[in-house]
Structure formats: structure tokens, C-alpha cells
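Structural characterization, general
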Amino acid sequence: MGTEDPNRPNYTIRPAATPFAALQSTTPFLSSGPVVRSEASAFRSAPPASSHSTIPPFSSGPFVASESPAFRPPPPGRSNELIGPPLPSSSPYGPPTAGFQRFPTPPPSTGQLPPPRASLVGGPVVPPPTISSGGPVSLISQHQHPSIPMGSPPQSIKTGQSNPNILPPADQPFSLPRPNVQPSSPPMRPSYATARGTVQPSFPAHANTQMNYVAQAPPVQPGSFQLQQGGYAPAAPPTSFLAQQRGHMPAPSTTPSGLHFGSQMQHHGVAPPIATSQSLAEDFSSLSVGSVPGSFDTGLDAASLPRPLDGDVEPKSLAEMYPMNCSSRFLRLTTSAIPSSQSLASRWHLHLGAVVCPLAESPAGEEVPIVNFSTTGIVRCRRCRTYVNPYVTFTDNGRKWKCNICSSLNDVPSDYFAPVDASGRRVDLDQRPELTKGSVDFIAPAEYMVRPPMPPLFFFLIDVSISAVKSGMLEVMAQTIKSCLDSLTPRTQIGFITYDSTIHFYNMKSSLMQPQMMVVSDLDAIFLPLPDDLLVNLSESRNVVDAFLDSLPSMFQENMNVESAFGPALQAAFMVMSQLGGKLLIFQNTLPSLGVGRLRLRGDDIRLYGTDKEHTIRVPEDPFYKRMAADFTKYQMAVNVYAFSDKYTDIASLGTLAKYTGGQVYYYPSFHSGIHKDKFRHELARDLTRETAWESVMRIRCGKGVRFTSYHGNFMLRSTDLLALPAVDCDKAYAAQLSLEETLLTTQTVYFQVALLYTSSSGERRIRVHTAAAPVVANLGEMYRLADTGAIISLFSRLAIEKTLSYKLEDARSAVQLRIVKALREYRNLYSVQHRLSGRMIYPESLKFLPLYGLALCKSIPLRGGYADAQLDERCAAGYTMMALPVKKLLKLLYPSLVRVDDSLVNNSLQTDHFDGIAKRLPLTAESLDTRGLYVFDDGFRFVIWFGRSISPDIARNLLGEDFAADYSKVSLAEGENEMSGKLMKMINKFRETDPSYFQLCHVVRQGEQPREGFFLLTNLVEDQTGGANGYADWILQLSRQAQQIA
Ligand SMILES: [Zn+2]
């Protein structure tokens, strides 16, 4: 078979189990020419000649143009946020390189006959490609490029002759010696020296610890992709304090009741201290923590401690001051009061920064308006490239506009001219959303593209080894994907690779009745057995795709293969997708065991905890994963990792792929379709159908004197301030730290502008722009008053999780605690002396939940305890997840809701349709649980349904059926015949609707049932003392005591 051409692979028959049984009478490699079709041809049917360029997608220039001259200096009036692969000289979508497409000769395997390189499954021996209408032969001759060995595609691709200003040498970002592959860590080490050796057990206070983080400089060269994820800002050097007073928020003049000693605690929205002469707007709350510091017998009333029982309450102050600001859904600042001086900033102690969720879902009626400037071109500042926004001002009778960010005066394009009235308002303001709304989507003209907008693209990389089949994962996955196909736009491109110990490609050509499978077994030299049709237009090949998904589960039903050639399969997916980019969804059930990227069963090691090597188990050991992630990002590919194993799968390594590509990690430990089906189905469907922004980049501009210095989340930096986001959606948020560049700010307002350049699923190139203004203040009290705990915690969490990748868990927790203590101490110093507040903990009203969220963060899965307190994979998965969460979602995860529902179930008068008001959230402590009650604990990711020991047997029987006394681990909550059961399911669905980003699976737990009760609920009651960690009251006492120590 296939012996005519030694360069051609041999094809063998895969065992007959496959449902893709009979081959067509046609040969599989019928056509080598472009397939003519409307959409796809625009992307795929380039003349073969263009493939002679060695590095097609990047050979002709930078992948993304940016403001950096090294990238692509934008001509005046042009975009500086161009993005996309550069156009190959002949066609923007020319076929892949010769390296991709050549059919190599398999190297002889040791001591054996050469193994079959590729096999077509299920049919007779396949005629070699040459037999069929000259296809592969001509392909080989056309695409052959003698100088490129087939052996190691990604490497040979990367090391190609791309623009040296753009692409780093292949291994550049990964040249750090192992195990310190975490790019953000090495330069930091010295600055942390003092943080070591001074730790105390359980959330110790590092009152003496230096916390001056230094900027993390990843080992990159100019223009190279930076694997930057950390980046703690250097502490601002102390400078003279600016006595600038800005009274934009007059201080109320009432006496704060919080100052009355004896009352346990008060907090009020606006409450300045007793008649002081200062013009500070002071509102603080206080908490009696005993008059004798050090005493535990304080009479601290735990019930009166502040709790976020209403969830995330966003500060309204900024929106009231600046009504034209974008919604806080999109942008939140850690404090809306920007310090006027570096010295003031340094006294803030919390992080200065922002959290951005550029595609946050808008409620009906508040959709982001779309603005099309068409021939005018998008109006932008010619100096700083700011987009026209509500804060620009028009002068010279409407002929000029002044940029709010850099103050430059720009000409108004003649098409855009409108006269201004006496107050300086343009007369056409009503028709100009970009001049009245803080958020708009601009339609981007051609100069914002370096290639036609890409189609949505989903590529699936599917583990079909025995555990994937046995767990039911494969079946649920195939069904779910199929059920979503109707929701995808007809432009969508789709493709599949499956793998176990070999890699299976599928020809999805639209003219086929059934997909054809080709097996590649040489893992050392991955190649594509087919130049086209591994990736197809969904609507054209819909029948083939349906047939594939229908037969996939049964096809591997008998598969006993336990191996996983994940790395080679990943390389193969890269080769298929690299022309277009898109989303790669990986379904992985086992530890990668074969080929490049195979992982060791290094697992969790108790001996590492507490040592300097502790963090190494939380970062990838093999640089392969970061290298692949960098390549994926470069070629506009985002990776989502779905992991299902009941054993260690090294999520630390696998998750890296998602982390640096703007992706997401979904983790279903010990997946079993009987239990996890609904969750997996919902989350995969959401992943496929939520509005996605493709081939995106994001930049946040801000006014003179301030600068974003570091970014935190799942992405890769493309230049110092350009975030590469191959795919973005409403479930992704990014945090950034802000610092003052100048000693003093002379402006009264600082403006921020987020610009996300992306391709919509409908194929439109757009720029989403969010603009916000914030006041500059000269006093610290104002900074605290306008603080946003949600934004602070979001930034905190990301920094703390990053820190666990370079340091001990304990160090990360200590850093959180120290920040809070320092902030409380500084705040206290503002007021305590004059008000003689010793024995009381005082804090700004705006930060009243900060200590509790800080405690919850320290107890969250990525940071909690030590060796036994969370499984390593679970810890890593939670870390990757939390790095991407929007503020509300994160706060709910940290401080979940706990509601009692049995009363509502038995009380017939209550309408479950109006359940919202009934669900009163309870403090997260075991004391909230009544043994006769039924409770729902909801952290946004799962529900725990807790049955009290003395719950009425009626309720238990109604909800659980006659099994109600049985082992609850085997009980699943399903809607029964009775009304009560229906009511509970309605409630649960209602809870789910409020937060559709993940599916909350119900875990039924009975009081006293260990270890399940402990695992699911008790360890998550963050106010209680668990393990060695503080309870809420003790935590407050500890913080208070430390805050009162002299710094
Ligand atoms: Zn400007």
C-alpha cells in the first residue's frame, strides 16, 4: 500500500470498531485545489504558490501593529490598534507553509519496520493520494519546501524569518532555567528577602515586613511577547505632600454616631467627625474591640460585624459625579479619588488601579450603542490617539476639539462638524452617542485591519482515551456541541482532532457523507495528513459535522487506550488553526503521557510546603506549555481547557495554555456524566454561544501624569500596554495597577479610556471604547471615602494568586493581611488621636467589608492552608479561574450566599416566583444553621443543599423521596411529583438565572455527614475558625491590634 512515493505516508486500516465505516468510493484526497465556496474560499483558497513563503502567517510583517514604532508606526489619522496577521504577499489566507503541508517520510522506527504513519479508518486500504486526481502529488510538489524539515513544526515555524522586531527568538521568553519558569518571579526575589523567615502561624502579621514590590521585568527583548503576569508596582518614593484642596464633595456636617463609645459598631454613609476645622470629608465607622489591646475578652459582638449580605454593592459616587462615565460594569477603580501626589499615593497602602470587564453583559435597554463614522473615519486625537468621547470639548465655534486626555487641540473633520451653542454644546449632541455615552462600539474601517475580519472558529481537541469514554465525557461533549451548532453563525469554521496514543484527524469536506479519519502515529514529527478540510465552514459541512458528533461516542466505545499524546495533538491543532486563529477547546481526561509535553506525575508533595520550593508545584515544569501558549497568542488563538480526571492531571501546566491566551480553565474533577452532565453541558454551551470578541487587543489610556504599570489576568502582553486577547467575552475581567508618573498632578480630573479592538462574530471589526473620569484629590480621607472594595479585592486576589506562583501560600496570605493592616493603620492615624479612639477599630465606610473579603481571600482555594487543605489540581484550577473573574462573580465566590429555604417551602402563601425578597442572606458561620432547617449555599459555582439533622421528615421525604435517610452522597436532587420539590427546584433555577456564567450543581449534604459536610460546606463558612485559620472575630481583633501598633 502506498508505496509509489516514498515521501508519502502509508495508510492502514484502523480497527473496525469505527462507525466511520465504509469509505466513499471516492478517495479521501480528491481535490487539492481550492474548494470554491462563498465564505470559506475567502479564507482558505489561496493559490498554492503563496505557500512558498516559509512563514506565511507572519512572514510579511508584524502580527499586530501598535503604537510602538517598533511595531508599526501609525500614520497620522490611522489606527494604532491594528491587529491581525500580516498579509502574505499574495493572499491574506494563503495555505500554510510547506512545513505544514508536506507529507514527510516517516523516519524508520528503531528496530522495526516503519510504522504506519497515517491510516484511514474503517475502510478498505486506502488508495494513496497520488491515485486520486493528482491531488496530494501536486500538493507535495507545490508545497514542498526542502529547507524545512517536517520534524518539529512549531519550532520551525517560530524560528522563521519573521520580523525580528516582532517575534522573539523562539525560546526567548522561556529561557529561564527550570524550575523557575515563572517569568514574573526571578527579578523580584531580592525584594522579598525580608519577607521571609518572619512568618507566624496562621495569617501572621508582618508588621515589619517590607512590602516594596519591584516591577517584574520579564526576560524579554523589545517588541517580544511578554509573558508578563505579575508586575507589582514599585512603591512611590516619598515626596512632598501637596496641599491641594479640592472640595468637590462637600463634607456633611453631622456628628457621627460612630463616635459614641459603648455602642458596638456603627457605620454610616456620610459622617464626618465632630466639629473639626478640616475640610476633609470624613466618614468612618468604628468597632469596639476592647479597650485593652491584647485582650481577647473584648465583648466584640460577632453579630454586629459588617457583612456583605447584599452582595456586591457598587459605589455610586463616581457615577453621580460624572454621569457620562461608562458603567461600573465595565470599569471600576480601586478608589475613584486619584491622589494628587506620589506621597499621597504612597499613604493609600491599598493598590491603586482598575478592573476592566470590556464586554460585560448589559441589561436590556442599556446596550452599548454602535457608532459608524463611515467615510469620516473614527475621530481620534492625533497626538495620543484617544477616541472622541463625552469629555472632549469643542472650541473655535465647533471647528476644533480638545482632547481630554492630552489636552491637544484637534481639527474637527469637515464631515463631523457641527456648530456649538453658547454653552459650548454641539447642536447635534442628541444624535451623537459617542459624545454623550461613556461606552460605544465604533465600527472600524479598513485601516483597522491587516486582514479581513476572521470568522468565528472553534476547534476541538478531544481526548478519547479510556477514561474519557468511560466517564461519559465524550458523549456529553458531542451532544452538547451538536446542540449548539444552530446557534453559531453560518460563517463559523469548525474542526476536530481526537487523540489517545495516536492522533486522529478528520476530513470534514462538505461533499462527503461521513467524515474520514486519518491516524497519525508518529508523535515525534507531527504533520497534517490533509492540507484542507480539517477545518471547514460549518454551514457547508454541517451534515458531516453532525455525522461526526453523532458517531464520536460509539466510535471509541471499545477504546482501551490509556495513553495521551496531548502535546503532539496540541501541535497538530496549532498547525490546523494557525491560518485563522480562533478558539481551541481542549478536553483532557488524563495526564499527558506521550510525546512532547508529556508530564510527570509530580503531584502534590507535602515536603515542599513551607519551603522555598513550595511554589514550583503550582507552575508548569515543562516550558513546552508556555511556549505553545505564546505561539497560540501570536496566531490569535485562545485556548480553553476542560479537565476531567479523577487523578492528578497537572492543571498547573495545562492551565498555562489558557492563562496566556486569554482563555479559561474548566475543571470537573472525577467527572461522571451521571453527576456532572448538566454542569458540563451548560458551561460548554455558554462557552460556544456567548458573544465572543475575536482577534482582539486592549489598551487602557489614561491622562497625563498617571500610568498603568502592570496588568493582571489571563492574557499576554504584546507591548508594554497592549493586551493580546485572541478571544474575549463577558465573563472575563482584567485588573491593572496604576501609578503616578509625576510627583504632582496638576489637573483636577483624570480620564481613563479602555479601547478593545475586536472582530465580532458577525464579522465586523469594531472598537469598544469605555471612557471615565475621576477627580484628583489632595487628601487621604477622600481617597478612602471613594474606595471601591470590590475593585480592591479583585486586584488583591489576582496579585495574591500570582504570588502563590513564586512564593509560599503563607507569604501570599501575609501580603494580603499586611496591606489591610497598613491601610487601616494609616486611616486610623487620620482620626484616632483627635477622637481618642483607642480600643476601637476604625475604618472607612467604603471599606467596611474589606477585612472580611481579605479573610475570605486567604481562605479561598488558591490560597488556603497548606498541603491537605485543597488538592493541588483544584487549587491551580481555582487560581486560573479567579484570575479572570469579573468583580461581582469574584465577590460571590469569596463570600457566598447562604439562605434558609425550608420556611418558604412549607409556607404555601409564598410565591416562589417572587423569591428574591425572601432569600435573606445569612452570615457565613455554622451558627447560622438551625438543625431543623434547610439551607442553600451558593458560591456561583455550586449549590450545597444542607439538610439539618432535625429537619422535618416530611420535607426530607418530599425533596429526596423515600431515600431520604440514605447516603446523601448518592442522592441527587431531582424534581419530584410533589409541590414542595417543585418549589425548591424553581428556587434553585431562579438562583441559577441570576448568574448564568457557570452552572451550579447541587450537592446534597446532611448535617454531621463527614467528610462531605466539611468539604462542601463547613470549610467554606469563612467566618468560622477552620483548620489553623482565624474566624472573623479573631481576624478583626488581630487586624485591629496590628493597626494600632506604632508603625
Ligand atoms: Zn490626546
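As a starting point, this report considers the structure included with it. (Residues numbered from 1 in each chain as written. Predicted model: local features only at pLDDT ≥ 70, side-chain atom pairs only at ≥ 80, totals over all residues. Heavy atoms only, no water.)

**Observations concerning the overall build of the protein**
Formally: A helix here means a DSSP run of H or I that spans at least four residues, while a strand means a run of E at least two residues long, and both kinds are numbered starting from the N terminus. The buried label goes to any residue with under 20% of its type's maximum accessible area, the exposed label to any with over 50%, and the partly exposed label to all in between, with areas taken from a 1.4 Å probe on protein chains only. Residues count as neighbours in contact if any of their non-hydrogen atoms are within 4.5 Å of one another. A 1.4 Å probe and the Shrake-Rupley method give the accessible areas. Residues count as covered only by the protein chains that appear here.
Assigned secondary structure in the protein consists of 25 helices and 32 strands. When burial is assessed residue by residue, the protein has 64% of its 1047 residues classed as buried. By sequence separation, contacts in the protein at least 24 residues apart represent 78% of the contacts at least 6 residues apart. When the accessible surface of the protein is totalled, it reaches about 36500 Å², and 54% of it is carbon and sulfur.

**A word on the side chain of Arg426**
Definition in use: Pairing of N or O atoms within 3.5 Å defines a polar contact, subject to two protein rules: one partner must be a possible hydrogen donor and the other a possible acceptor, and residues neighboring in sequence count only if both atoms are side-chain atoms.
Residue position: Arg426 is located in the loop between strand 11 (409-411) and strand 12 (439-443). A distance of 2.6 Å separates a polar atom in the side chain of Arg426 from the backbone oxygen of Tyr416. Setting aside its immediate chain neighbours within four residues, Arg426 contacts Phe394, Val412, Tyr416, Phe417, Ala418, Pro419, Val420, Arg432 and Leu435.

**Details of the packing of aromatic side chains**
Put simply, the test is: To pair, rings of Phe, Tyr and Trp, with the six-membered ring standing in for Trp, must have centres within 6.5 Å; the planes then decide the type, stacked if under 30 degrees apart, edge-to-face if over 60, and tilted in the middle.
Within the structure shown, the criterion is met by 38 aromatic pairs. When the centroid spacing of 4.9 Å and the interplanar angle of 20° are considered together, the rings of Phe587 and Tyr642 count as stacked. Of the two residues, Phe587 sits in strand 18 (residues 582-588) while Tyr642 sits in strand 19 (residues 637-643), which places them 55 residues apart along the sequence. Take Phe587 and Tyr642: they sit in the same class, and that class is buried. Between the aromatic rings of Phe624 and Tyr625, the centroid separation amounts to 5.1 Å while the plane-to-plane angle is 85°, which identifies the pairing as edge-to-face.

**Re the coordination of the zinc ion**
Which entries qualify depends on this criterion: A 2.8 Å cut-off from the metal defines N, O and S donors, relaxed to 3.2 Å for Na, K and Ca; water is not in the atom list, so some sites may appear incomplete. Angle rules define the geometry names used: all angles between 85 and 135 degrees makes four donors tetrahedral, while opposite donors over 155 degrees apart and all other angles between 65 and 115 make four donors square planar and six octahedral, leaving every other case irregular.
For the zinc ion, the full set of protein donor atoms is Cys381 (SG), Cys384 (SG), Cys403 (SG) and Cys406 (SG), at a range of 2.2 to 2.3 Å. Around the zinc ion, the 4 donor atoms sit at angles spanning 100 to 115°, and that spread fits a shape best called tetrahedral. In terms of primary sequence, the donors binding the zinc ion are separated according to C-x2-C-x18-C-x2-C. A residue pair is termed long-range when its members are at least 10 positions apart, and Cys384 in the loop between strand 8 (370-371) and strand 9 (393-395) and Cys403 in the loop between strand 10 (400-402) and strand 11 qualify at 19 residues.

**A few points about the pattern of salt bridges**
Selection criterion: A pair is scored as a salt bridge if a Lys or Arg side-chain nitrogen falls within 4 Å of a carboxyl oxygen belonging to Asp or Glu.
Under the defined criterion, the tally for this structure stands at 45 salt bridges. With a shortest N-O distance of 3.2 Å, Arg785 and Glu782 are connected by a salt bridge. Placement of both Arg785 and Glu782 in helix 15 (residues 780-785) is noted, with a separation of 3 residues, approximately one turn of the helix. Both residues of the pair, Arg785 and Glu782, count as buried. With its nearest N and O atoms 2.7 Å apart, the salt bridge here joins Lys848 to Glu845. Look at Lys848 and you get buried, because its relative accessible area is 16%. Each member of the salt-bridge network shares a partner with another, and the members are Glu361, Lys583, Arg686, Asp687, Arg690, Asp729, Asp731 and Lys732.

**Notes on the layout of surface pockets**
Put simply, the rule is: Only protein atoms enter the 1 Å grid used here, on which a cavity is any set of points holding a 1.4 Å probe that cannot leave and a pocket is any open set flanked by protein within 12 Å on both sides along at least five of seven lines; residues with an atom within 4 Å of a point are listed as lining. Grid points are joined across faces, edges and corners, and a volume is the space filled by probe spheres set on the points. Under the convention adopted here, Pro, Cys and the residues Ala, Val, Leu, Ile, Met, Phe, Trp and Tyr are nonpolar, Asp, Glu, Lys and Arg are charged, and Gly plus all remaining residues are polar.
The calculated volume of the second largest pocket comes to roughly 1100 Å³. Together, 41 residues line the second largest pocket, and Lys888, Lys889, Lys892, Thr994 and Asp995 are the ones closest to its centre. Elements that contribute at least two residues to the lining of the second largest pocket include exactly strand 7 (353-356), helix 20 (887-894), strand 29 (897-900) and helix 23 (979-993). Sorting elements by how many residues they give to the lining of the second largest pocket places helix 20 first, with 5 residues. In terms of residue class, the lining of the second largest pocket is built from 20 nonpolar, 5 polar and 16 charged.

**Here's the deal with the sheet that holds strand 32 (residues 1001-1006)**
Using the following cut-off: Only when DSSP finds a minimum of two bridges between them are two strands counted as paired. As a rule, the C-alpha atoms of each element are fitted with a line to give its axis, helices using only the stretch in contact, and angles between N-to-C directions run from 0 to 180 degrees.
Strand order in the open sheet made by the 4 strands is 29-30-31-32, with mixed pairing throughout. The sheet terminates laterally at strand 29 and strand 32, the two strands that pair on one side only. The average angle at which neighbouring strand axes cross in this sheet is 20°, direction not considered. Each of strand 30 (934-938), strand 31 (942-947) and strand 32 touches helix 22 (residues 953-960); the most contacted strand, strand 31, lies at about 140° to it. The strands touched by helix 23 within the sheet are strand 29, strand 30, strand 31 and strand 32, with strand 31 carrying the most contacts at an inclination of about 150°.

**Quick look at unusual backbone geometry**
Residue Gln1010 is joined to Pro1011 through a cis peptide bond whose omega torsion reads 5°. The residue Pro1011 is located in the loop between strand 32 and helix 24 (1012-1017) in this model. At Arg385, a residue that is not glycine, the phi angle is positive and equals roughly 70°. Considering the arrangement of structural elements, one finds Arg385 in the loop between strand 8 and strand 9. We note that Asn397 has phi near 55°; this positive angle belongs to a residue other than glycine. By secondary structure assignment, the location of Asn397 is in the loop between strand 9 and strand 10. Assessed through its relative accessible area of 42%, Asn397 is described here as partly exposed.

Purely geometric stuff here, so don't read any function into it on its own.
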